[in-house]
Amino acid sequence: MAQGGDLDRLLRGDGGAWQDFVRRYAGLVVAAVRGVARDPGEVEDLTQEVFLRLCKDNFRLLRSYDPSRAGLSTWITIVARSTARDAMRRHRPVSVPIEMVPEGNLSVEPAEPVRKLKLPEALLSPRQREILTMLYDREMEVSEIAFALGIDPQTVRSAHHKAMVKLRAHFKAEVE
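Residues numbered from 1 in each chain as written. Predicted model: local features only at pLDDT ≥ 70, side-chain atom pairs only at ≥ 80, totals over all residues. Heavy atoms only, no water.

(A) How the structure looks around the packing of helix α5 (residues 126-137) against helix α6 (residues 142-149). One way to put it is that α5 packs onto α6 with a least axis distance of 10 Å and a crossing angle of 135°. By the criterion of interaxial angle, the relationship of α5 to α6 is oblique. As for how α5 packs across α6, the hand of that crossing is right-handed. Two secondary-structure elements touch here, α5 through R127, E130, I131, M134 and L135 and α6 through V142, I145, A148 and L149. Its residues assigned to classes, the contact of α5 with α6 shows seven nonpolar, no polar and two charged. (Axes fitted to C-alpha atoms, helices over the stretch in contact; angles between N-to-C directions. Helix = DSSP H or I, 4+ residues; strand = E, 2+ residues; numbered from the N terminus. Parallel < 35°, antiparallel > 145°, perpendicular 65-115°, else oblique. Left-handed = near helix turned anticlockwise from the far one by under 90°. Contact = heavy atoms within 4.5 Å. Nonpolar A, V, L, I, M, F, W, Y, C, P; charged D, E, K, R; others polar.)

The structure is reproduced here in structure tokens:
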């Protein structure tokens, strides 16, 4: 469902098409949201928020879907994660005045700073560096990177693999 003519039916406001859409993509949305939620009780609320966002303003967000940039499942996954993350940022935890917290609970073990690897400038291509930054520093999923860069997810995987091969060879030679 929701491919080609079915998506057109949905965007024209066919109530049955919306029900079919929700049935078809609910599992995908739940899975995407589950990866962001802090506790299982939030999954249902966040899932509902994703579907509300998709149908809001006469399906404005769904109308922005561009099949030339990503498959519908990939696009919905990105929208679901983004919506869930935004909702989690807006959710403010219950706060307790600091003077009410026992002093022993405020102690923190010192943390050793994480040393970043220094890579030779010409070792990786700019695209490989960008993909590694998105994967490891920003902790983005392959589908999110592909969508952001306007490339196929397999291209992301391939660039990642080639970069890792170069890095392994470089550091192995350095150790030897």
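(B) Quick peek at the pattern of salt bridges. Scanning the entire structure with this criterion turns up five salt bridges. Note that D20 and R23 form a salt bridge whose closest N and O atoms lie 2.9 Å from each other. Here D20 pairs with R23, and both are found in helix α2 (residues 15-34), just three residues apart, close to one helical turn. Classification of D20 as partly exposed rests on a relative accessible area of 29%. Judged by its relative accessible area of 59%, R23 is exposed. Where E144 meets R85, a salt bridge forms, and the shortest distance between an N and an O atom there is 3.0 Å. Of the two residues, E144 is situated in helix α6 and R85 in helix α4 (residues 72-90); the sequence distance between them amounts to 59 residues. Its relative accessible area of 9% is what places E144 among the buried residues. (Salt bridge = Lys/Arg side-chain N within 4 Å of Asp/Glu carboxyl O. Buried < 20%, exposed > 50% of the residue type's maximum accessible area, 1.4 Å probe, protein only.)

(C) Representation of the environment of A84. Counting through the fold element by element, A84 comes out in helix α4. In contact with A84, other than residues within four places in its own chain, are V33, V36 and L46.

(D) Representation of the packing of aromatic side chains in the model. Tallied over the full model, the rule gives six aromatic pairs. Each residue in the set W18, F21, Y25, F51 and F59 is aromatic and connected to the rest through ring pairs, giving one cluster. (Phe/Tyr/Trp six-rings, centres within 6.5 Å; stacked < 30°, edge-to-face > 60°.)

(E) Examining helix α7 (residues 153-175) more closely. Here α7 spans 33 Å end to end across 23 residues, near enough to the 33 Å set by a 1.5 Å rise per residue. Looking at α7, one finds that the buried residues are V156, A159, A163 and L167. Lining the buried residues of α7 we find α5 and α6. For α7, the N-terminal capping position is held by D152, with its side-chain oxygen 2.9 Å away from the main-chain nitrogen of Q154. (Expected span 1.5 Å × (residues − 1). Polar contact = N/O pair within 3.5 Å; in protein donor to acceptor, adjacent residues only side chain to side chain.)

(F) Structural detail: the nonpolar core. L10, W18, F21, V33, L54, L62 and W75 are the most contacted members of the largest nonpolar core, which totals 29 residues. Put simply, the parts of the chain that give this core at least two residues each are α1 (5-11), α2, α3 (41-63) and α4. Those residues in contact with L10 that sit more than four places away from it in its chain are A17, W18, F21, F59 and L62. Among the nonpolar cores identified, the runner-up in size contains eight residues, and I131, M134, I145 and A146 belong to it. (Core = buried A, V, L, I, M, F, W, Y, C linked by side-chain atoms within 4.5 Å.)

Spatial relationships are all this shows, so hold off on functional conclusions.
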